[in-house]
Amino acid sequence: MSSHAEADRKSKNLPVLPAFDELPRLDGVPCSWEVWGPNDTYGSLNLLTAEKVLRAASLVQEGKVFPLNWTLSLPDPPLFARTTLQHKVTKTPISADDHIDGFNTQSSSQWDGFLHIRHPSHGHYGGSEREGLLGIDRWAERGIVGRAVLADVARWRQQQGRPLEQGSPDAITVEDLEATLEAQGSSLEAGDILLVRTGWIEWYESLSAQERAERSNMANFACPGLVPGTGTARWLWDRHIAAVAADNPSLEIWPPGSTLEEPQRSRFWSDPQLIHEGFLHTILLPMLGIPIGEMWYLDSLAEDSAKNGRFEAMLVSAPLNLRGGIASPPNAIAIK
């Protein structure tokens, strides 16, 4: 970290964050639990200070609003064996009410909370003894507001003549992310919310009902996304982002482990030292405390950004105030 960056952090009462390779280890696994102090429930969301909110607000120059929640009933059929949402309306002569059955908070656009994934050896963020403190309601109580930076990887890869292969585990590398940001003229600042567009939602909406049904069988499901592994985790941590979200169903490639070679591919689920090399979730959420967003609708924001060259916006997200909740629709809006 540069001396200027360190001074900036101290002036704002932010911790001087260690680099990824300087983080404490739990049985060899990088861990940020000590960075934010005891009983922390926010992880990297701690970086969204008042100064960062004001920085984000300064980006509102045109009054353009981009809702980032996808249709609540999509994908249909749901992925990952989740339940199908049933929407019913009851009416009286003067009023009407909604009733939603089978609502899974992760069936469409979502924040993955810290209770969503545990590390096989070390439990949830901060240690499993703190499980009762990690509900999505903790994030709802503070709100999530900051500067969002869009990395339109789908557009950049298309321009390079190697478009992302939807329906396959086409890996987005750290080099892809850096090249995308450079081509856009974008830069990341500490406390930013990184949005990664893969083009998956646009592709999914083009599928027939039969094609969607076939891909809801997880034995047939695959999608592009971030390449898992230490290199990606290091890159995200060292940029000190507040959170990362994408428009695909898993942030990273699916199925997990697709980039690994045998014999690692066959044993990474059972190896606590290896699991995050095949499944990025198990290091980002429980060990590093970096929130994950999935199936965010980014296409309209991306189209506008490509037209005017502005790939940054103020992002406002209000997760459900659901006590002990595992996840939540992001209820997110980008404002320019």
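Located above this text is the structure these notes cover.
One numbering rule holds for all chains: residues counted from 1, following each sequence as written. Per-residue local features are limited, in this predicted model, to residues with pLDDT of at least 70; the limit for side-chain atom pairs, both in listing and counting, is 80 or more; totals at the level of whole chains, interfaces and linings are taken over all residues. Only hydrogens and water are set aside when side-chain values are computed; all heavy atoms of the structure are taken into account.

1. Focus on the pairing of strand β13 (residues 312-317)
Where a strand is regular, its side chains alternate between the two sheet faces. Worth spelling out the cut-off: When DSSP locates at least two bridges between a pair of strands, those strands are taken to pair. Helix and strand labels come from DSSP, where a helix needs a run of H or I of at least four residues and a strand needs a run of E of at least two; each type is numbered from the N terminus.
As judged from the 6 bridges shared by strand β7 (residues 144-151) and β13, these two strands associate in the antiparallel manner. When the bridges of β13 are listed, V149 appears paired with E312. Taken together, the 4 bridges between β13 and strand β15 (residues 332-335) define a ladder with antiparallel strand orientation. Bridging across to β15, M314 finds its partner in I335.

2. Section: the sheet that holds strand β14 (residues 327-328)
For the record, the criterion: The contact criterion used throughout is that any non-hydrogen atoms of two residues lie within 4.5 Å. Interaxial angles span 0 to 180 degrees and are taken between N-to-C directions of axes, which are lines fitted to C-alpha atoms, for helices over the stretch in contact.
On the basis of which strands lie adjacent, the open sheet formed by 9 strands has the order β3-β15-β13-β7-β9-β11-β12-β6-β14 and mixed pairing. Looking at which strands have only one partner, the edges of the open sheet turn out to be β3 (65-67) and β14. Sheet contacts for helix α5 (residues 174-184): β7 and β9 (193-196); angle to β7, the most-contacted strand, approximately 90°.

3. Details of the layout of surface pockets
Quick reminder of the rule: In this analysis the probe radius is 1.4 Å and the grid spacing 1 Å, with only protein atoms considered; a cavity is a set of points the probe fits into but cannot get out of, a pocket is an open set with protein on both sides within 12 Å along at least five of seven lines, and lining residues have an atom within 4 Å of a point. Grid points are joined across faces, edges and corners, and a volume is the space filled by probe spheres set on the points. For this scheme, ten residues count as nonpolar: Ala, Val, Leu, Ile, Met, Phe, Trp, Tyr, Cys and Pro. Four count as charged, namely Asp, Glu, Lys and Arg, and the remainder, Gly too, count as polar.
Approximately 210 Å³ is the volume attributed to the second largest pocket. Along the walls of the second largest pocket sit 13 residues, with A154, R155, R197, G199 and E202 positioned nearest its centre. Of the residues assigned to the lining of the second largest pocket, the class counts are 4 nonpolar, 4 polar and 5 charged.

4. Examining the nonpolar core
For clarity, the cut-off: The term nonpolar core refers to a set of buried residues drawn from Ala, Val, Leu, Ile, Met, Phe, Trp, Tyr and Cys, joined through side-chain atoms within 4.5 Å. Any residue under 20% of the maximum accessible area for its type is buried, any over 50% is exposed, and the rest in between are partly exposed; the area is computed with a 1.4 Å probe on protein chains only.
Within the largest apolar cluster, 85 residues are counted, with the highest numbers of intra-cluster contacts made by L68, L195, W200 and L284. With near-sequence residues (within four places) excluded, L68 lies in contact with S109, L195, W296, Y297, L298, L301, L315, A332, I333 and A334.

5. As for the pattern of salt bridges
Defined as follows: Salt bridge criterion: a side-chain nitrogen from Lys or Arg within 4 Å of a carboxyl oxygen from Asp or Glu.
The tally for this structure, following the rule as stated, stands at 21 salt bridges. We note a salt bridge from R147 to E312, for which the minimum N-O separation is 2.5 Å. Placement of the pair is R147 in strand β7 and E312 in strand β13, with a sequence separation of 165 residues. D304 serves as the salt-bridge partner of K336, at 3.0 Å between the closest nitrogen and oxygen. Here K336 is found in the segment after β15, whereas its partner D304 is found in helix α12 (residues 299-308), with 32 residues between them in sequence. On the basis of relative accessible area, K336 is assigned to the buried category, the value being 0%. Accessibility expressed as a relative area gives 10% for D304, which makes it buried. A cluster of three or more residues bridged by salt bridges with shared partners is formed by R55, R147, E189, D192 and E312.

6. So, the packing of aromatic side chains
Stated precisely, the cut-off is as follows: Centre distance within 6.5 Å is the pairing criterion for rings of Phe, Tyr and Trp, where only the six-membered ring of Trp is used; planes under 30 degrees apart are then read as stacked, over 60 as edge-to-face, and the remainder as tilted. Charges are assigned to positions over rings by a cutoff of 6 Å between ring centre and Lys NZ or Arg CZ, combined with an angular limit of 35 degrees from the ring normal.
Summed over all chains, the structure comprises 13 aromatic pairs. For the pair W111 and W139, a centre-to-centre distance of 6.3 Å together with 90° between the ring planes defines the contact as edge-to-face. Of the two residues, W111 sits in strand β6 (residues 110-112) while W139 sits in helix α3 (residues 137-142), which places them 28 residues apart along the sequence. W139 shares its class with W111; the two are buried. Counting every residue linked through ring pairs, the aromatic cluster contains F80, F221, W254, F268, W269 and F279. Residue placement shows R25 over the ring face of F20; its charged tip is 5.6 Å from the ring centre. Taking the ring centre of Y42 as reference, the NZ or CZ of R142 above it sits at 5.2 Å.

7. Quick look at the environment of R310
Operational definition: In the analysis that follows, any N or O atom pair within 3.5 Å is treated as a polar contact, provided that within protein one partner can donate a hydrogen and the other can accept it, and provided that, for residues neighboring in sequence, both atoms belong to side chains.
As for its position among the elements, R310 is in the loop between α12 and β13. It is 41 Å that separates the C-alpha atoms of R310 and P120, two residues lying 190 residues apart in sequence. Beyond its immediate sequence surroundings of up to four residues, R310 is in contact with L59, Q61, E62, S305 and K336. A distance of 2.7 Å separates the side chain of R310 from the backbone oxygen of L59, its partner in a polar contact.

8. Points about the side chain of T105
Position of T105 relative to the elements: it lies in the loop between β5 (96-101) and β6. Separated by 3.5 Å, the side chain of T105 and the backbone oxygen of A327 make a polar contact. With sequence-adjacent residues up to four places away left out, T105 is seen in contact with Q110, L320, A327, S328 and P329.

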